[in-house]
Amino acid sequence: MSIRIAGTGSYVPERILTNADLEKMVETNDEWIRTRTGIEERHLAADNEATSDMAYEAGRRALEMAGIRGEDLDAIIVGTITPDHVFPSTGCILQQRFGAEGAFCFDLEAACSGLLFSLEVAHSLMKANKRYRRVLVCGAEKLSCITDWTDRNTCVLFGDGAGAVVLESSDDAAVPDCLIASDLHSDGSYTEILKLPAGGSRIPTSAETVANHQHFIHMAGKEVFKLAVNAMVSAGRQVLEDSGIAPEAIKLVIPHQANSRIIHAVAPRLGVPEERVFINVNKYGNTSAASIGICLDEAARGGLIEHGDYVLLTAFGGGLTWGALLIRY
Ligand code: UT7
């Protein structure tokens, strides 16, 4: 039994926030943002638009490409750090909207690595139990609601959006499996350098936590930067080694889109030429778990990859979490 990528989809909200807009909000400038991050603009969800709304749009497009209906789904997994609610899960909300009555649904929290972790879990579930034949995997975030719009260190970095992938199993021996190698990691000794401090059971929400801006992303940028480069290079090299596939045979590297400087530091160390590295951080900023799904969908619909091509996905985020998947699109 093999599993293939039957469809991809993505969605970004309509509203665009440019670097020029940010210049009016905090002490920053377009040149600093462009040269330090590569970001030119980002999309922000409307006030009445939640993470599940964006995941629904991305998922709908992925289902359409796959040629299947919501009711055909056996599971829905949503990678997100900005669920609609603490509970019920965003996955359950999507189930209702898709009419996916037979699907079991849950959210997976691995920050910016959310889509990679979710794909690995979905693939493993499908291999373990043949009853799960069609699984919708989404990475979706409304980071604008956990961004401190008074903090120039972080507010220039993030955006909202969603990406989705439909995995489908096949009994046809001629269909090759989409997952060739994976290398996923976590390191809980770095929880302090990238976190949202309050609102959980450690520091419950109070008037004080709100006043102290503890419901926003806090990040030690420089430290995260260095760790991100090393971690993505190490995981990327590992999946190349495990698969025995040469870097020259990789059609496209899709790195998590946090900062173009990180991406430019990772690419040469994987031995893949720059022109085979996908970048759209300039348009969307860092959309956390949504980032790789948006890239994959843009690459597929834009004709940059075709079925059968080797694609290396690599991500890094809070937790810390990181890893790489080598897939056959
Ligand atoms: O997705 C999860 C993973 N996240 C990441 O991978 C993010 C990793 N980190 C980064 O991308 C970068 O570290 C940042 C883009 C966040 C920051 O870039 P940096 O080159 O590490 O800058 P810095 O934090 O060292 O700041 C340099 C200077 C500072 O001023 P001084 O102390 O040198 O006077 C900052 O105060 O730039 C200043 N600065 C800004 N200036 C204008 C910081 N933010 C801004 C800003 N506009 N928005």
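Going along each chain's sequence as written, the residues are numbered from 1 onward. Owing to the predicted nature of the model, reporting of local features is limited to residues with pLDDT of at least 70; listing and counting of side-chain atom pairs is limited to 80 or more, with chain, interface and lining totals taken over all residues. Each side-chain value is derived from all of the structure's non-hydrogen atoms; neither hydrogens nor water enter the calculation.

Structural notes on the domain arrangement of the chain
The split of the chain into domains comes from an automatic or database domain assignment. What the domain assignment reports for the chain is domain 1 (2–170) and domain 2 (179–328). With 49 residues of domain 1 in contact, the opposing surface of domain 2 contributes 46 residues. Summed over both partners, the accessible area (1.4 Å probe) lost when two parts come together is defined as the buried area. Buried area between domain 1 and domain 2, both sides added, is near 3700 Å², and the carbon and sulfur share of it is 63%. When the buried area of domain 1 at its contact with domain 2 is split by residue, Cys112, Leu116 and Ile146 rank highest and sum to 18% of it. A side-chain nitrogen of Lys or Arg and a carboxyl oxygen of Asp or Glu constitute a salt bridge if their distance falls within 4 Å. Our count for the domain 1 to domain 2 interface comes out at zero salt bridges. Residues adjacent in sequence count toward polar contacts only when both atoms are side-chain atoms; beyond that, a polar contact is any pair of N or O atoms within 3.5 Å, and within protein one must be able to donate a hydrogen and the other to accept it. Summed over the shared surface of domain 1 and domain 2, the result is 20 residue pairs in polar contact (both at pLDDT 80 or more). The secondary structure listing takes helices from DSSP runs of H or I that are at least 4 residues long and strands from runs of E that are at least 2 residues long, numbered from the N terminus. For the side of domain 1 that touches domain 2, the secondary structure elements donating two or more residues are β1 (2–11), α2 (30–37), β3 (41–44), α3 (51–66), α5 (114–128), β6 (134–142) and β7 (160–170). Examining the composition of the side of domain 1 that touches domain 2, we find that seven residues originate from one element, α5, more than from any other. Residue classes in the side of domain 1 that touches domain 2 are distributed as 21 nonpolar, 19 polar and nine charged. By definition in these notes, contact holds between two residues if any of their heavy atoms fall within 4.5 Å. Note on residue categories: nonpolar means Ala, Val, Leu, Ile, Met, Phe, Trp, Tyr, Cys or Pro, charged means Asp, Glu, Lys or Arg, and polar means any other residue, Gly included.

Let's talk about the site of the ligand
Neighbouring residues are identified by heavy atoms, a residue being near a molecule or strand if any of them is within 4 Å of it. By nearness alone, 23 residues border the ligand, and Thr28, Arg36, Lys222, Asn259 and Asn286 come closest of all. Within the side chain of Arg36, one N or O atom sits 2.8 Å away from an oxygen atom of the ligand. A distance of 3.4 Å separates an oxygen atom of the ligand from a polar atom in the side chain of Arg261. The Shrake-Rupley method, run with a 1.4 Å probe, gives the accessible areas here. Residue values count only the displayed protein chains as cover. Relative to its unbound accessible area of 960 Å², the ligand is 76% covered by the protein chains.

Some words on the pattern of salt bridges
Between side chains of opposite charge, pairing is possible as soon as their charged atoms come close. Under the counting rule described, the total for this entry stands at 16 salt bridges. A salt bridge links Arg4 to Glu168; its shortest N-O distance comes to 3.0 Å. With Arg4 in strand β1 and Glu168 in strand β7, this pair connects stretches of sequence that are 164 residues apart. For every residue, the accessible area (1.4 Å probe, protein chains only) is compared with the maximum for its type, and the residue is labelled buried under 20%, exposed over 50%, or partly exposed between those bounds. With relative accessibility at 33%, the residue Arg4 sits in the partly exposed group. One network of salt bridges, in which partners are shared, links Glu57, Arg60, Arg61 and Glu64.

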